[in-house]
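Okay, here's what each chain looks like letter by letter:
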Amino acid sequence: MAEENLTNYKLQTTNYHLFREAKKVIPGGVNSPVRSFKAVGGAPVFIKKASGSKFLAEDGKTYIDYCMSWGALLLGHAHSEVVSGVKKAVEKGTSYGAATKAETEFAKIITRAIPSCELARLVSSGTEAAMSAIRVARGYTRKNKIIKFKECYHGHSDYFLSGKSAGIPENISRDVYSLDYNNLEQAEEALEKDKDIACVIVEPIAANTGLILPLKSFLEGLRKLTLKHKALLIFDEVITGFRFCFGGVQNIFGIIPDLTCLGKIIGGGFPLACFGGKKEIMRHLAPLGSVYQAGTLSGNPVAVQAGLKTLEIIKKPGFYKRLNEKAGSFYKKIDGIIENKKTNIVLNRFGAMFHFSFKDKKQFSGFFHNLLAQGIYLSPAGDEVCFVSAAHTDKDFEITLKALNHLKERLV
């Protein structure tokens, strides 16, 4: 057996063995479906440890990571200042189930950075933030139904999986309009005919069905329509929040929703998210109002410390300018490879977020595994986006570009 094939065989044997053992005790072998590599085939890579832009897998190979915990790690893996802050927090206690000063400090940063957030409530995940935002919207408006868009992902609560997944009650599905992203006419029609719509929830940049930028008229139109029909507009900025600037993409687009969901980056790699909005809306939450929402680990002191340190670092002057310039230079070189070799790939991008799109979606699997064999780890699903972090280096980009160029004959 050739040396290269022997190496690949050993790597696959390690992954398949670990995956087989995991499936004995975990449904599907994973604790979140997309990790299973079902979308690309083969056994998933099992990670042993990580630092900066790379991780070391249990198979002994080091990979340049462009998944970055699905966008949570803007600073890269195990940033020294974040780790130091977390260690100090852990020594003081891992969980209190009670109020802390740090929670207030964190919420102050969020409310100053995000125009729509006059009050913010901390939770543990993006799913929880979106689910809670829907609940407070329904309580505030005293209406029942919601509008969402097929190309957007807001977590796995019943409302957001309506029409897609088994186990969702029919009465929930009847309360959900699932429309096409960037189609303002559909939203207008629904709001005109149904006066029981409490809210419209949308990713201001759709980042779970590839990377789809909004038409300017779409978001502006949703804002006008929701105001006209007394429904709330919710921006799900779990992915986009603090990715392009110190704030949300709403800061860039100049459109202020009624409620905003945040997650990923604000937790610095820990389970931390939040939702916030106008005071008159958020005051409907218990203990002030009758809309109940709670969580034992909400505002967890260790997660909050990781978030505080992350926000402190990314707020420094020039952080986003350097990040976006670095990403832009990388994309330009990828464009050169794609254009010069006349491949069938389209590189979509916005700031430090990018996505490889194929005319034939089936080709992504081969593309993914060819790069994986060369030590490049993309988000393991054709519909998921990838991320550039502050930890990625010119050397990382050079290696990635070399790998892409090596694949040129396979991309035509």
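K.L.:
It is not clear to me how the overall build of the protein should be interpreted in this structure. Could you clarify?
P.N.:
Across its full length, the protein carries 16 helices and 14 strands. The C-alpha atoms of the protein give a radius of gyration of 22 Å, which matches the 22 Å a tight globule of 412 residues would have. Its C-alpha atoms put the protein at 70 × 50 × 50 Å along the principal axes. The proportion of buried residues among the 412 residues of the protein is 52%.

K.L.:
What's the story with the sheet that holds strand β11 (residues 345-350) in this structure? I'm lost.
P.N.:
Picture the strands of a sheet paired through backbone hydrogen bonds; they go either parallel or antiparallel. Here three strands make up an open sheet; going across it, the order is β11-β12-β14 and the pairing antiparallel. Each end of this open sheet is capped by a strand with a single partner; those strands are β11 and β14 (386-387). Across two bridges, strand β12 (residues 353-358) lies against β14 in antiparallel orientation. Bridge assignment links Phe 354 to a residue of β14, and that residue is Cys 386. Lying over the sheet, helix α13 (residues 319-340) contacts β11 and β12, oriented at roughly 165° with respect to β11.

K.L.:
Even after reading the chapter, I still don't get the sheet that holds strand β13 (residues 376-377), so can you show me in this structure?
P.N.:
Read from one edge to the other, the open sheet built from four strands follows the order β1-β2-β3-β13, with strand pairing classed as mixed. Of all strands in the sheet, those with a lone pairing partner are β1 (47-51) and β13, marking the two edges. Two elements, strand β2 (residues 54-57) and strand β3 (residues 62-65), share three bridges in a ladder whose sense is antiparallel. Residue pairing in the sheet places Lys 54 in a bridge with Ile 64 of β3.

K.L.:
Please explain the environment of Leu 311 as it appears in this structure.
P.N.:
Counting through the fold element by element, Leu 311 comes out in helix α12 (residues 301-314). With relative accessibility at 1%, the residue Leu 311 sits in the buried group. Counting along the chain gives 268 residues from Leu 311 to Ala 43, while the straight-line C-alpha distance between them is 35 Å. Beyond its immediate stretch of four places on either side in the chain, Leu 311 contacts Phe 106, Ile 109, Ile 110, Phe 242 and Phe 246.

K.L.:
Please explain the confidence of the model for the protein as it appears in this structure.
P.N.:
On average, residues of the protein carry a pLDDT of 93, and 95% of them reach 70 or more. A low-confidence stretch, residues 1-6 stays under pLDDT 50, and its non-local contacts, those more than four residues away or across chains, total two contacts.

K.L.:
Quick question: what am I supposed to make of the pattern of salt bridges here?
P.N.:
Counted under the stated rule, the structure contains 11 salt bridges. One salt bridge in this structure joins Lys 321 and Glu 325, with 2.7 Å as the shortest N-O distance. Here Lys 321 and its partner Glu 325 are both found in helix α13, four residues apart, which amounts to about one turn of the helix. With relative accessibility at 56%, the residue Lys 321 sits in the exposed group. A relative accessible area of 47% places Glu 325 in the partly exposed class. Connected via shared salt-bridge partners are Arg 223, Asp 258 and Lys 278.

K.L.:
Would you take a moment to explain the nonpolar core for this structure?
P.N.:
Side chains of nonpolar character tend, in soluble globular proteins, to be buried together. Of all hydrophobic cores here, the largest spans 66 residues; its most connected members are Ile 110, Phe 242, Phe 356, Phe 367 and Leu 378. Top contributing element to this core by residue count: α13, with nine residues.

K.L.:
For this particular structure, what's the right way to read helix α5 (residues 126-141)?
P.N.:
The first and last C-alpha atoms of α5 sit 23 Å apart over 16 residues, in line with the 22 Å expected at 1.5 Å per residue. Along α5, the residues classified as buried are Gly 126, Thr 127, Glu 128, Ala 129, Ala 130, Ser 132, Ala 133, Ile 134, Val 136, Ala 137 and Thr 141. Once α5 ends, the next one or two residues include Arg 142, with phi positive near 60°.

K.L.:
Before we go on, may I ask you to explain unusual backbone geometry in this structure?
P.N.:
Comment: phi is negative for the bulk of residues other than glycine, and the bulk of peptide bonds are trans. The peptide bond linking Ala 286 to Pro 287 adopts the cis configuration, its omega dihedral lying at 10°. Here Pro 287 lies in the loop between α11 (279-282) and α12. Positive phi, close to 55°, is recorded for Ser 69, a residue that is not glycine. In this structure, Ser 69 sits in helix α2 (residues 68-71).

So, how was this worked out
- Residues numbered from 1 in each chain as written.
- Predicted model: local features only at pLDDT ≥ 70, side-chain atom pairs only at ≥ 80, totals over all residues.
- Heavy atoms only, no water.
- Helix = DSSP H or I, 4+ residues; strand = E, 2+ residues; numbered from the N terminus.
- Rg over C-alpha atoms; globule rule 2.2 N^0.38 Å.
- Buried < 20%, exposed > 50% of the residue type's maximum accessible area, 1.4 Å probe, protein only.
- Pairing = 2+ DSSP bridges.
- Contact = heavy atoms within 4.5 Å.
- Axes fitted to C-alpha atoms, helices over the stretch in contact; angles between N-to-C directions.
- pLDDT = per-residue confidence, 0-100.
- Salt bridge = Lys/Arg side-chain N within 4 Å of Asp/Glu carboxyl O.
- Core = buried A, V, L, I, M, F, W, Y, C linked by side-chain atoms within 4.5 Å.
- Expected span 1.5 Å × (residues − 1).

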